[in-house]
Amino acid sequence: IYHVWSKNKRYIYFFQKFDHRFYDIKIFAMFSICSTRKILDHYDTVAHVWDSAPNLIKFLKSKGLKVVLDVPIAPYTYVKRLHERGSASFLSCQNTILEMEMESYRLADVVLAPSDFVRDELVYAGVPPSKIEVVEFGVDYQTNSLKKVYTDSKNKIRFIFVGNVNKRKGVDLILSVWKSEDF
């Protein structure tokens, strides 16, 4: 366990080198199966899944649901290629996760990708193009009030980061900004 301190802010990270992804998926699948087991008998619909959790997808399909798998980032086949080239060593590359992803792609009825890049990587990984739909992330900043500045009573801007704490998310960059005197 290690800590990063900055003025009145305290950041806590557990087990810096621990790759939690496998356990995240397994716990998410177990929780989802347990919490939906009773209600799914009353629905004839589509399940939207955001994790490559083959056991969860098998369960949902056994209940007669169509499964849409949302794949927000490039698959592990891409990470594996980066590792083979000697780059992106900070990204984890576990064969177990790769196998779970491939099984999930095979089981899903539709696979959603947020970009052409992710779609192309899914095709490279062996997902049939006919199974992939591109639905881009985004916000229409023209019609949204994103330009409003939010401040506290001391006229300071406050931020919170909610998400996976890893280099891919740019946490190292946000921490350096939060440490700066200008912030």
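Scroll up to find the structure this text is about.
For every chain, the first residue of its written sequence is number 1, and the numbers climb from 1 along that sequence. The model is predicted, so local features are restricted to residues of pLDDT at least 70 and side-chain atom pairs to those at 80 or more, both for listing and for counting; the totals for chains, interfaces and linings are taken over all residues. Heavy atoms throughout the structure, all of them, feed into the side-chain values; hydrogens and water do not.

Draft legend 1. Layout of the pairing of strand β5 (residues 110–113). Strands qualify as paired when DSSP identifies two bridges or more between them. Helix and strand assignments come from DSSP, with helices taken as H or I runs of at least 4 residues and strands as E runs of at least 2, each series counted from the N terminus. Where strand β4 (residues 66–70) meets β5, 3 bridges bridge the pair, whose relative direction is parallel. The residue bridging Val-68 from the neighbouring strand is Val-110, located in β5. As defined by bridge partners, β5 adjoins strand β6 (residues 132–134) across 3 bridges and the pair is classed as parallel. Bridge assignment links Val-111 to a residue of β6, and that residue is Ile-132. A clockwise path from the first strand over the helix to the second, with the strands pointing away from the viewer, defines a right-handed crossover. For the crossover that starts at β5, traverses helix α5 (residues 116–125) and ends in the parallel β6, the hand is right-handed.

Draft legend 2. A look at the environment of Ala-108. As for its position among the elements, Ala-108 is in the loop between α4 (95–107) and β5. We classify Ala-108 as buried; its relative accessible area is 2%. For the pair Ala-108 and Ile-57, spaced 51 residues apart in the sequence, the C-alpha separation amounts to 7.1 Å. When residues no more than four places from it in sequence are discounted, the contact partners of Ala-108 are Ile-57, Val-67, Leu-69 and Lys-131. Categorising residues by exposure relies on relative accessible area from a 1.4 Å probe, with only protein chains included: less than 20% of the type maximum marks a residue as buried, more than 50% marks it as exposed, and the intermediate range marks it as partly exposed. Working rule for contacts: check all heavy atoms of both residues, and any pair within 4.5 Å makes them a contact.

Draft legend 3. Local environment of the nonpolar core. By size, the foremost hydrophobic cluster in this structure holds 27 residues, and its most contacted members are Leu-56, Leu-60, Leu-69, Val-71, Val-111 and Leu-122. The set of elements that each furnish at least two residues to this core consists of α1 (21–36), β3 (46–49), α2 (54–62), β4, α4, β5 and α5. The leading source of residues in this core is α4, at 5 residues. Aside from chain neighbours lying at most four places away, what touches Leu-122 is Val-71, Pro-75, Tyr-105, Val-111, Ala-113, Val-127 and Ile-132. To qualify as a nonpolar core, a set must consist of buried Ala, Val, Leu, Ile, Met, Phe, Trp, Tyr and Cys residues joined through side-chain atoms within 4.5 Å.

Draft legend 4. A look at α4. One less than the residue count of a helix, multiplied by 1.5 Å, gives the span that helix is expected to have. Taking 1.5 Å per residue, 13 residues should reach 18 Å; α4 reaches 18 Å between its end C-alpha atoms and fits that length. Those residues of α4 not exposed but buried are Ile-97, Leu-98, Met-100, Glu-101, Ser-104, Tyr-105 and Leu-107. Buried residues belonging to α4 abut α1, α2, β4, α3 (76–84), β5 and α5.

Draft legend 5. Molecular detail of the side chain of Thr-77. Take Thr-77: it is sitting in helix α3. The residues touching Thr-77, leaving out its near neighbours within four places in the chain, are Leu-98, Met-102, Glu-121 and Ala-125.

Draft legend 6. Representation of α1 in the model. Compared with the 22 Å implied by 1.5 Å per residue over 16 residues, the 22 Å span of α1 between its first and last C-alpha is a close match. Every buried residue of α1 is accounted for by Ile-25, Ala-29, Ser-32 and Ile-33. Viewed end-on, α1 has its buried residues packed into an arc of 95°, placing them on one side of the element. Every exposed residue of α1 that faces more than 90 degrees away from the buried side is listed here: Ile-27, Met-30, Phe-31 and Cys-34. At its buried positions, α1 is contacted by α2 and α4. The directions considered for the arc run from the helix axis to the C-beta atoms.

Purely geometric stuff here, so don't read any function into it on its own.
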